[in-house]
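# Geometric and topological summary
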Amino acid sequence: CEAATSSNLLWTCWQLIYRVNEGVLTEGARSQHSLLITLHQDYPGQERPMKNVILPGFAALLLLTSWKVLCFNPNFGDSITHSDITKEAALRIVLQLFRQVPNPDGKVFPSNIFQSRDQKFTAEELFEAYYGSKVSVSRFKQAVQVMMNRNTKVDFMYALEGKRHFDSETLQEGKEVLLTEKAKVIQNIMQRNYHQAQKHMGTLLHTLQDFYSHSNWIELGFQKPNSNLIKPGEPIGRVAGKTEQTCADCSASTGCQDEILDKVIKEKIITTGYFGFKPHSKPDGKCSHGGKADISRQGSQGINKDTRKSPHSQYHNEAARVATEASIEIFKDVWDTVDHKAFSRFLGVESSAGLSFVIDTTGSMRDDIEAAKERTINIVKNRRRAGTEPSFYILVPFSDPDFGPVFKTSDPDKFIDKLKELKADGGGDIPEMSLSALRLALTNTPPLSHIYVFTDAPAKDHELNDSILALIEQTKCKVSFLLTNAVSRRKRDVNDRFGNQLYRVLARVSGGLAVVIRRALISQLTSIIEDSATAALVTILQRENNPDYPSNLFIIHVDPTLQNITIYISGMPQSFRLSNPEGLQQPSTLSDGVLASMDRMGDLIIIRLHSPIDPGDWDLVVSSGIPYSVKVTGASVSYTSQLTFPCLDSQCLLSLK
C-alpha cells in the first residue's frame, strides 16, 4: 500500500481484505495454508461486483497488518510509531535507573545531565555519562529490539482480536490482557528468563499504547496515563454502557464525521472506537475507529489518533506523548516488583548472559583437566574483580557413556567449589558424549552467552549435529572448542569429520573458535576466553578459505568506532600478509611489526592490531594448502558488522578494489 502509485490503486489495496471468515479471523483460519479474501473494488459513484481471491495466509496477514489505520504505525511512516514510543520509554526508564543505582565505581549519575524531559539523547550518550567511559550498548539495544519486534507482531498475531487493541469498547477485556502480560513479564524476570520477559513486555506495550490512540482518553482532556489500567482491582473509570450513546451518527446537519457527545466529555465517560470489516456493523450511537480499513464506519467517521492523517489526527502527538509516559509507568511498575539487578539484566543494562563450561572428564583428560580447572577458576575470579560477572555460571561434565548433570548457579564461590570436585576417570572407546553435553549446556544457558568445550576426543554422538545447530540458531550462543592435541593424534583411529572438523563447523556457525593446542600450552587459553567474552565485543568478519585457490584475500572494514581489533587464523596456514589502508604491509615472518603483534597458540594464530588503528579497508592475504578459517573481532559500542567475503587470487583482488 505504501508503494501505491495512484489513489485508486491505494484505495483498492486498503479494500483488499474485505471479509475474513465473516469478519472473524480465528486461530484455525490463521493456520490455514490460504485464506479466502473478498475483494471489493469500491469506486465513487458506482457499484462494483465482489471478487473472491485466494492469498497465502502469511500474505493475507501481512496486508492486513500493513494498514496504517489500525493502530500506531508499527515502525514505519512519518508519524510517531509503536517502535518510537517503546524505544523512548526504554531510554527514559534506564535514565531513571541510572539516577538511582550507583555505577560499578559507586558513583551516582550526574544530576545536571539530561534534566529536560524534551531533551533527546542516545543510548551511547546515556551509557557513557553513567559509566564514565564508552561502554557497549549492544545488549540494551538487543533487548529493546526484542520488545519492538514483539510489539509489532501483535498486529500479525492478534490482528482482529479487539481486546489486544482496546477496539470496540473492550475496555475491561483489554485491562485483563495487560495484567496477564505484566504477570508473565514479572514471572520470567524472577525466573531469569529475560529474553522471554522482553517478548511479553513488547506484547503488553502494544495493547497499552493502543489505549491512548483508540480511546477518547485524550479528547476527555486527560494529560496523564490511566494508571488504573495496570492495577488489579482498580476501576478504569466511568465506562460507557453497552447501549449508551457516545458519538453522533450521520445526519444531514452534522454530516458523517464522528462527533463525541457533549455528555461524554462533561461526565468523562470512557469509550473506544468500533472497528469492523462488515458495512453497518457498528452499533448505532457508538464511535467508529475510522480509517479506510474500517468498513463499519460511515463517511469520515473515526476517533483513532494512530497517525498524522487519522480522523482525530489533531490529537496524535498528545496521544503518543501520554502513551510514552504510560510505557515508562509500566516499566517502573515491573521494576518495583523485582530487584535492581534483575531489572537491569532484563533491560540489557547488565549482562544477562551466562558463562558455560563443558568439560571432558574421561581418564585421558587427567593431565588436561587440572589445567582446565585452574584456567576456569582464574577466569571466574577475574570477571568478579572486573565487575563483569555473568548472570549464571553453568558446568556440564561428560565422559562415556555419561554426561551431565548440569550445575547452574549465580554464586561464583559455589561454582569454583563445584569445579574443584571434577576428577578425570573412566571412559571406554575413544569418542565421547561431547554433543550430548553441549546440548545440555545450550538448553540451560541464557541466549547470547558464551560456551566453552574442553575435550581431547571426537564426538561419539555426532548424530546430534542438526539438533545442536538448531539450538545455536535459537539461542545465538557462541560455542568455542578448546581441544588438546589428543584429537589430532587419535584421528588415525576415528574419522576426523566427527572430531576437529565437526567442532570447527559448529564453532564457525555460532561465531566461536575451535583451537587445537598442546597440553603444555593449555594455560594460555585464558586470554582467548577473556578476549571472546568482552562485553563490547563485535564480530567484524568470519569466513573459511576457498580451497580451490592457494591464496585468499579477506577485506576487513574498520570504522572509527572500533578498538582492540584481533584477527584469529585457525588451521596453521603457510603464510599471510597484512596491509593497512595506506598500503603499509607486515608479513607473517614478523611477530611484532609496525602494524600488529602476532602469537601462535597451537593451530591458532592471534594477530592484535596496534593502536591507534587506521580506519578504512585492511587487507589480509592468506596462503595455505590446507583448510583454515579467519575471524576478526573488535571492541565497539556502536559498530554494525558488515558481510565480508574472501577474495580469490589476484583477479578478484582487482575486481574488489
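Sequence order sets the numbering: in each chain, residues are counted from 1 along the sequence as written. Given that this is a predicted model, residues contribute local features only at a pLDDT of at least 70 and side-chain atom pairs are listed and counted only at 80 or more, while totals for whole chains, interfaces and linings are drawn from all residues. To get the side-chain values, take all heavy atoms of the structure and skip hydrogens and water.

### Side note on the overall build of the protein chain
Looking only at helices and strands, the protein chain has 19 helices and 20 strands in total. Should any heavy atoms of two residues lie within 4.5 Å, those residues are considered in contact. Looking at the protein chain alone, contacts between residues at least 24 apart form 72% of all its contacts between residues at least 6 apart. Accessible surface for the protein chain amounts to roughly 29000 Å². Of this, 50% is attributable to carbon and sulfur atoms. Working definition: helices are DSSP H or I runs of at least four residues, strands are E runs of at least two. Numbering for both runs from the N terminus. Method for areas: the Shrake-Rupley scheme with a 1.4 Å probe, in which residue coverage is limited to the protein chains shown.

### Digging into the state of the cysteines
The definition used for a disulfide is geometric: two cysteine sulfur atoms within 2.5 Å. A full pass over the atoms with the stated rule returns 1 disulfide. The residue that forms a disulfide with Cys 247 is Cys 287, at a sulfur-sulfur distance of 1.9 Å. Taking the sign of the S-S torsion, about 85° here, the bridge from Cys 247 to Cys 287 comes out right-handed. Of the two residues, Cys 247 sits in strand S3 (residues 247-248) while Cys 287 sits in the loop between helix H9 (262-266) and helix H10 (316-337), which places them 40 residues apart along the sequence. Of the residues examined, Cys 287 reaches a relative accessible area of 0% and is grouped as buried. The rule is simple: take the accessible area with a 1.4 Å probe, protein chains only, and divide by the maximum for that residue type; under 20% is buried, over 50% is exposed, in between is partly exposed.

### Considering the sheet that holds strand S5 (residues 354-360)
Judged by pairing direction, the sheet is mixed, and its 6 strands sit side by side in the order S7-S6-S5-S8-S9-S10 without closing on themselves. Of all strands in the sheet, those bounded by a partner on one side alone are strand S7 (407-409) and strand S10 (514-517). Shown here is a sheet whose adjacent strand axes are inclined to one another by a mean of 15°, direction ignored. With 5 bridges joining them, S5 and strand S8 (residues 450-455) adopt parallel strand pairing. Within S8, the residue paired with Leu 355 across the bridge is His 450. Sitting on the sheet, helix H17 (residues 500-510) is in contact with S8, strand S9 (478-484) and S10, with an inclination near 150° to S9. A pair of strands is labelled paired if DSSP reports no fewer than 2 bridges between them. Fitted lines through C-alpha atoms serve as axes, helices being fitted only where they are in contact, and the angles separating the N-to-C directions of these axes extend from 0 to 180 degrees.

### Quick look at the side chain of Ser 215
For Ser 215, the location among the structural elements is in the loop between helix H8 (194-214) and S3. What qualifies as a polar contact is a pair of N or O atoms within 3.5 Å, subject to a donor-acceptor requirement within protein and to the restriction that residues adjacent in sequence count only when both atoms come from side chains. In terms of polar contacts, Ser 215 uses its side chain to reach the backbone carbonyl oxygen of Phe 211, at 2.6 Å. Ignoring anything within four residues of it in the chain, the contact list for Ser 215 reads Asp 210, Thr 271, Thr 272, Ile 303 and Lys 305.

### Quick word on the packing of aromatic side chains
A pair of aromatic rings is counted whenever rings of Phe, Tyr or Trp (Trp by its six-membered ring) have centres within 6.5 Å, and the orientation is called stacked for planes under 30 degrees apart, edge-to-face for over 60 and tilted otherwise. If you walk through the whole model with that rule in mind, you get 18 aromatic pairs. Judged by centre distance (4.4 Å) and plane angle (25°), the rings of Phe 114 and Phe 121 are stacked. As far as the burial class goes, Phe 114 and Phe 121 line up, both buried. Aromatic pair Phe 554 and Tyr 628: ring centres 6.4 Å apart, planes at 70°, arrangement edge-to-face. Placement of the pair is Phe 554 in strand S12 (residues 551-558) and Tyr 628 in the loop between strand S18 (616-623) and strand S19 (629-635), with a sequence separation of 74 residues. Each member of the pair, Phe 554 as well as Tyr 628, carries the same accessibility label: buried. The rings of Phe 98, Phe 109, Phe 114, Phe 121, Phe 127, Tyr 130 and Phe 140 are connected pair by pair, giving a single aromatic cluster. Lysine NZ or arginine CZ positioned within 6 Å of the ring centre and within 35 degrees of the ring normal marks a charge as sitting over the ring. Positioned above the aromatic ring of Phe 222, the side-chain terminus of Lys 268 is 5.4 Å from the ring centre. Note that Lys 408 overlies the ring of Phe 392, its terminal NZ or CZ placed 4.4 Å from the centroid.

### Quick word on the packing of H8 against helix H11 (residues 340-347)
Where H8 contacts H11, the axes come no closer than 9 Å and their chain directions differ by 75°. Regarding the angle of H8 to H11, the classification is roughly perpendicular. Along its contact with H8, which presents Tyr 194, Ala 197, Gln 198 and Met 201, the element H11 presents Ala 342, Arg 345 and Phe 346. Under the convention adopted here, Pro, Cys and the residues Ala, Val, Leu, Ile, Met, Phe, Trp and Tyr are nonpolar, Asp, Glu, Lys and Arg are charged, and Gly plus all remaining residues are polar. Residues of the contact of H8 with H11, tallied by class, amount to 5 nonpolar, 1 polar and 1 charged. Working rule for angles: under 35 degrees goes down as roughly parallel, over 145 as roughly antiparallel, 65 to 115 as roughly perpendicular, anything else as oblique.

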